[in-house]
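# Secondary and tertiary structure notes
Now for the letters of each chain:
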Amino acid sequence: MRRVPWLALGSVLAGLGIWVSARLAPLAGLLPGCAFKQFTGYACATCGLTRCILALGRGDWRGAFHWHPVAAGLALLLPVAVLWDLRRAWRGEAYPGLPESRWARLAAWALVLGTWALQAVRGI
Amino acid sequence: MLIPFLDSWRALTHPREAFQDLPPPLGVALGRMVAVWIPLALGNALLTCWRALQGYEALRKGGLPLDLLATAGVDPTVVEDLLKTLPPALPLTRLLPWLLVLVPLGVLGTWLHHAVWDHTGLWLLGGLKAKRGFRTSLLAEAEALRHAALGTLVGLLSFLPLLGGLLSIPLLLLDGYLWLFRGFALAARHDCEPWRGLAATVIHAMLLGCCALGLLTCLVILLRVGA
């Protein structure tokens, strides 16, 4: 039995959100900025994400990679994830669980902390 | 449930024992959450909009402390002229149909959002060893958020004049506790130690919240103290 490709649907919605956000770019100046950075003076792991999304909405991939390389990289992988999900959904295969390997978890931690360090060091 | 919210009160005051019974089916848990939370969220959204519209009207009618602006070097006449050009506020009745659509979507979106991030947080902490999948996280979140809706009810006190301002800090602390409370449900349903569930909600806040939660906190403080 085929299932709903939630990941693909979510990706389409995310793409739509990025496109809409580019139309709302003039309002971005009204955002007060990162509270964590204001308090500590250091960027947080999500600093640069809004500017990255706005750049993606304009089709400016170079800018997107500058503001948040991890988010831009994930956006680049989104079509692959959509195809993977559609294929599995068509075959009726359930979503696999998250890997139990300790190394996979450590890699995810490294990605999160590495992103944070990268953004903090660059002063994004 | 003879007394409304009695079971939620018990769950919130004894979170470790709250999720020891056999879990209900996901549909039942979701139905209960929606039945309790959507009416409260709708009431909260209506009051928030009503207050925001009142604040806007007060602004249009010159509600700004012009003397204070003058001392800050701003020409009060320029500000007054600018305020006069603002269009009148929409009547609340025109916003109501939008709220009837957006509030249920917001409730369901919040539930899904919490489930995705808390599940990821629990995985990062090695709390998914019992091999219960994402569906279990969805169930745990639905159960926890049904009880946490009591916080939305208490949060309505913030709309009371004077008392609302005084309660802003205690209500923020309550919001913090209700955020962590989901961790007890996650831990119980995934059969892991409570600290992993609690820490998963903290990681969720850290991953997403550095920026977004800071902004949200500022907005909540402004809404509760303002107008």
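Residues numbered from 1 in each chain as written. Chains lettered and ligands numbered in written order. Predicted model: local features only at pLDDT ≥ 70, side-chain atom pairs only at ≥ 80, totals over all residues.

### Observations regarding the overall build of chain A
Applicable threshold: Strands are runs of DSSP state E lasting at least two residues, helices are runs of H or I lasting at least four, and both sets are numbered from the N terminus onward. Counts of 20 or more other C-beta atoms within 10 Å of a residue's own C-beta define buried residues, counts of 12 or fewer define exposed ones, and intermediate counts define partly exposed ones; C-beta atoms are placed from the backbone. Here contacts are defined at the residue level, using C-beta atoms placed from the backbone and a cut-off of 7 Å between them.
Counting its regular elements, chain A contains 6 helices and 0 strands. When the helices and strands of chain A are placed in sequence order, the string is α-α-α-α-α-α. In terms of overall dimensions, chain A has a C-alpha envelope of 50 × 40 × 25 Å along the principal axes. Going through the 124 residues of chain A one by one, you find that 19% of them count as buried. Expressed as a percentage of contacts within chain A between residues at least 6 apart in sequence, the contacts between residues at least 24 apart total 64%.

### Concerning the nonpolar core
Threshold: A set of buried residues drawn from Ala, Val, Leu, Ile, Met, Phe, Trp, Tyr and Cys, joined through C-beta atoms within 7 Å, is what defines a nonpolar core.
Counting residues in hydrophobic clusters, the biggest one holds 39 residues, and the most contacted among them are Met33(B), Ala142(B), Leu145(B), Ala148(B), Phe184(B) and Ala185(B). Examining the composition of this core, we find that 9 residues originate from one element, helix α6 (residues 134–155) of chain B, more than from any other. Setting aside residues up to four positions removed in sequence, Phe184(B) forms contacts with Pro15(B), Arg16(B), Ala18(B), Phe19(B), Pro194(B) and Gly197(B). Counting 9 residues, the second-largest nonpolar core is a separate cluster that includes Leu49(A), Ala55(A), Ala64(A) and Ala72(A).

### Brief notes about the interface of chain B and chain A
Taken together, the contact between chain B and chain A spans 12 residues of the former and 14 residues of the latter. Those elements that place two or more of their residues in the side of chain B that touches chain A are α5 (92–124) and α10 (212–225) of chain B. If you tally residues by element for the side of chain B that touches chain A, the top one is α10(B), at 3 residues.

### Considering the environment of Ala55(A)
Residue and element names in this part refer to chain A. Considering the arrangement of structural elements, one finds Ala-55 in helix α3 (residues 49–58). Taking the C-beta count within 10 Å as the criterion, Ala-55 has 23 such neighbours and is therefore assigned buried. Spatially, the C-alpha atom of Ala-55 lies 9.6 Å from that of His-66, the residues being 11 residues apart in sequence. For Ala-55, the contacting residues outside a window of four places in its chain are Asp-60, Gly-63, Ala-64 and Trp-67.

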